[in-house]
Amino acid sequence: MLTAGMLWTEQQAGCGKVIIPLELESSIASFKQRIAACDITWLATNTQLDFLFLIAYSATLFFALRALSDKLSPLAWLTFLPGLFDTIENVLLLKFLYADQAQVTAGVYSIYYWCVRIKFGILIIVLLTLLALVGQWLYRKVKGREA
C-alpha cells in the first residue's frame, strides 16, 4: 500500500519512476539531468521516508533469517549492512539534491555510487539465501509428512 502510494506520488512529482534509475546514475551530471524535471521537495521527502524503510527491511530480513536458520549465522548480521550503506546513500542523495553540480566532487559521488551497488549486491545475496532457506524449510515439512 505504501509502495503504491509512493509510486502514485512519484508520478505526481513530474518525473516518472525515478528512484531506482536515479540511484544507479553513473555521474553527478546524469544524476542532475534525471532530476531536472522533478519536484525536489518530493524527492527529499521520499529520501527522508527511506530512513524508516531501511530500518524496517533490515529488521525484517534479520528476523526472517533468524527464524529460518537453526542458529544465528553471521549472515543474519549481514542484513544490517545494506541499511548502513542505504543510510550513507540517503545522506549523500539529500546533499546532491540541493548542491550545485560543481560542488559535488567525483570522489564524493563515487562513495554514493559504490554504496548503492554494495547495498543492492548484499540484498541480492541475502534474498537468495532466504529463498534457499525457505526451500529447505518446505522440503523438511514435506519430508516430515511422508515419514
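Quick note: structure is the one above.
Anyway, here's the lowdown on the structure attached to this text. (Residues numbered from 1 in each chain as written. Predicted model: local features only at pLDDT ≥ 70, side-chain atom pairs only at ≥ 80, totals over all residues. Heavy atoms only, no water.)

## Quick word on the overall build of the protein chain
So, step 1. A tally of regular secondary structure across the protein chain gives 7 helices and 0 strands.
So, step 2. Along the chain direction, N to C, the helices and strands of the protein chain fall in the order α-α-α-α-α-α-α.
So, step 3. Among the 147 residues that make up the protein chain, the fraction classed as buried is 35%.
So, step 4. Considering only contacts within the protein chain whose residues lie at least 6 apart along the sequence, 72% involve residues at least 24 apart. (Helix = DSSP H or I, 4+ residues; strand = E, 2+ residues; numbered from the N terminus. Buried < 20%, exposed > 50% of the residue type's maximum accessible area, 1.4 Å probe, protein only. Contact = heavy atoms within 4.5 Å.)

## Things to note about the packing of aromatic side chains
So, step 1. Overall, the coordinates contain 12 aromatic pairs when judged by the stated rule.
So, step 2. A ring pair is formed by Tyr113 and Trp114, whose centres lie 5.1 Å apart and whose planes are at 80°; its orientation type is edge-to-face.
So, step 3. With a relative accessible area of 23%, Tyr113 lands in the partly exposed category.
So, step 4. When the ring centre of Tyr113 is taken as reference, the NZ or CZ atom of Arg117 above it lies at 3.5 Å. (Phe/Tyr/Trp six-rings, centres within 6.5 Å; stacked < 30°, edge-to-face > 60°. Lys NZ or Arg CZ within 6 Å of the ring centre and 35° of its normal.)

## Digging into the packing of helix H6 (residues 81-98) against helix H7 (residues 106-146)
So, step 1. Orientation of H6 relative to H7, taken along the N-to-C sense of each, is 145°, at an axis distance of 8 Å. Crossing of H6 against H7: the hand is left-handed. Residues Leu81, Pro82, Phe85, Asp86, Ile88, Glu89, Leu92, Leu93 and Phe96 of H6 form the contact with H7, whose own contacting residues are Val108, Tyr109, Ile111, Tyr112, Cys115, Val116, Ile118, Lys119, Ile122 and Leu123.
So, step 2. Class assignment of the residues belonging to the contact of H6 with H7 gives a composition of 16 nonpolar, no polar and 3 charged. (Axes fitted to C-alpha atoms, helices over the stretch in contact; angles between N-to-C directions. Left-handed = near helix turned anticlockwise from the far one by under 90°. Nonpolar A, V, L, I, M, F, W, Y, C, P; charged D, E, K, R; others polar.)

## Quick notes on the packing of helix H4 (residues 40-68) against H6
So, step 1. Packing of H4 against H6 leaves a shortest axis separation of 10 Å and a crossing angle of 170°. Considering the angle they form, H4 stands roughly antiparallel to H6. Within the contact between the two elements, H4 uses Ile40, Thr41, Leu43, Ala44, Thr47, Gln48, Asp50, Phe51, Leu54, Tyr57 and Ser58 and H6 uses Pro82, Gly83, Asp86, Thr87, Asn90, Val91, Leu93, Leu94, Leu97 and Tyr98.
So, step 2. By residue class, the composition of the contact of H4 with H6 is 12 nonpolar, 7 polar and 2 charged. (Parallel < 35°, antiparallel > 145°, perpendicular 65-115°, else oblique.)

## Quick notes on a nonpolar patch on the surface
So, step 1. A grouping of Leu81, Leu84, Ile88 and Ile111 is seen on the molecular surface, where their side chains present a nonpolar patch of about 310 Å² in accessible area.
So, step 2. Here the nonpolar patch takes 3 residues from H6, the largest share from any one element.
So, step 3. Mapping Leu81 onto the fold places it in helix H6. (Patch = residues over 30% accessible without salt bridge, like charges linked within 9 Å, V, L, I, M, F, W, Y side chains within 5 Å. Areas by Shrake-Rupley, 256 points an atom, 1.4 Å probe, with all protein chains shown as cover. Salt bridge = Lys/Arg side-chain N within 4 Å of Asp/Glu carboxyl O.)

## Observations regarding the nonpolar core
So, step 1. One finds Phe31, Leu43, Phe96 and Tyr112 to be the most contacted residues of the largest nonpolar core, which totals 20 residues.
So, step 2. When residues of this core are traced back to their parent elements, those giving at least two are helix H3 (28-35), H4, H6 and H7.
So, step 3. With 5 residues, the top contributor of residues to this core is H6.
So, step 4. When residues no more than four places from it in sequence are discounted, the contact partners of Tyr112 are Leu22, Glu23, Phe31, Glu89, Leu92, Leu93 and Phe96.
So, step 5. One finds Phe62, Phe85, Val126 and Leu130 within the second-largest nonpolar core, a separate group that totals 13 residues. (Core = buried A, V, L, I, M, F, W, Y, C linked by side-chain atoms within 4.5 Å.)

## Let's talk about the pattern of salt bridges
So, step 1. In the structure shown here, the tally under the stated rule is 4 salt bridges.
So, step 2. Of the charged contacts, one joins Glu23 and Lys119 as a salt bridge, the two residues approaching to 3.4 Å between their closest N and O atoms. Linking Glu23 in helix H2 (residues 19-23) with Lys119 in helix H7, this pair joins segments that are 96 residues apart in sequence.
So, step 3. A salt bridge links Glu89 to Lys119; the shortest N-O distance between them is 2.9 Å. With a gap of 30 residues between them, Glu89 in helix H6 and Lys119 in helix H7 connect regions that are remote in the sequence.

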